[in-house]
Amino acid sequence: MNVVTAILMSKKKIIKLFELSKAFSADSARTLDELGIYNPEATFELVYDNVITATEDGKYYLNK
């Protein structure tokens, strides 16, 4: 498995964690620790791609 494949798999898992936790708005946002996410590279790419949004207090939610 190459690095690109590993990052894509990580992104899919991260998105699934947001879906399972129902973090779809600033009110339901979660920290990365709460979600068990320890891959900041994939997470920050999702923020950059506007798939997830960061709140001012360090929480994140999935854009749906």
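Refer to the preceding data block for the structure.
Residues numbered from 1 in each chain as written. Predicted model: local features only at pLDDT ≥ 70, side-chain atom pairs only at ≥ 80, totals over all residues. Heavy atoms only, no water.

A.B. asks: Sorry if this is basic, but what is going on with the environment of Phe 18 here?
C.D. replies: Relative to the helices and strands, Phe 18 resides in helix H1 (residues 3-21). Taking the relative accessible area as the measure of exposure, Phe 18 reaches 0% and is therefore buried. A C-alpha to C-alpha distance of 6.1 Å links Phe 18 and Leu 62, two positions 44 residues apart in sequence. For Phe 18, the contacting residues outside a window of four places in its chain are Ala 23, Phe 24, Leu 35, Ile 37, Ile 52, Tyr 60, Tyr 61 and Leu 62. (Helix = DSSP H or I, 4+ residues; strand = E, 2+ residues; numbered from the N terminus. Buried < 20%, exposed > 50% of the residue type's maximum accessible area, 1.4 Å probe, protein only. Contact = heavy atoms within 4.5 Å.)

A.B. asks: Help me understand the pattern of salt bridges, please; the structure alone is not making it clear to me.
C.D. replies: Opposite charge on two side chains lets them pair, provided their charged atoms get close. This structure, assessed with the given rule, holds three salt bridges. As a salt-bridge pair, Lys 64 and Glu 19 come within 4.0 Å of each other at their nearest N and O atoms. With Lys 64 in the segment after strand S2 (60-62) and Glu 19 in helix H1, this residue pair connects regions lying 45 residues apart in the sequence. Salt bridges linked by common partners bring Lys 11, Glu 45 and Asp 49 together as one network. (Salt bridge = Lys/Arg side-chain N within 4 Å of Asp/Glu carboxyl O.)

A.B. asks: What exactly am I supposed to notice about the nonpolar core here?
C.D. replies: Nonpolar side chains tend to gather and get buried jointly when the protein is soluble and globular. With 13 residues, the main nonpolar core has Ile 14, Phe 18, Ile 37, Ile 52 and Tyr 60 as its most contacted residues. Residue assignment for this core shows that the elements contributing at least two residues are H1, helix H2 (32-35), helix H3 (40-48) and S2. Looking at this core element by element, the count peaks at three residues for S2. Apart from the residues within four sequence positions on either side, Ile 37 is in contact with Ile 14, Leu 17, Phe 18, Leu 32 and Thr 43. (Core = buried A, V, L, I, M, F, W, Y, C linked by side-chain atoms within 4.5 Å.)

A.B. asks: Teacher, can you tell me more about unusual backbone geometry here?
C.D. replies: Excluding glycine, a negative phi dihedral is what most residues carry, and trans is how most peptide bonds are arranged. Non-glycine residue Lys 22 carries a positive phi angle of around 60 degrees. Within the secondary structure layout, Lys 22 lies in the loop between H1 and H2. Classification of Lys 22 by relative accessible area gives exposed; the value is 59%.

Honestly, it's all geometry; don't read function into it.
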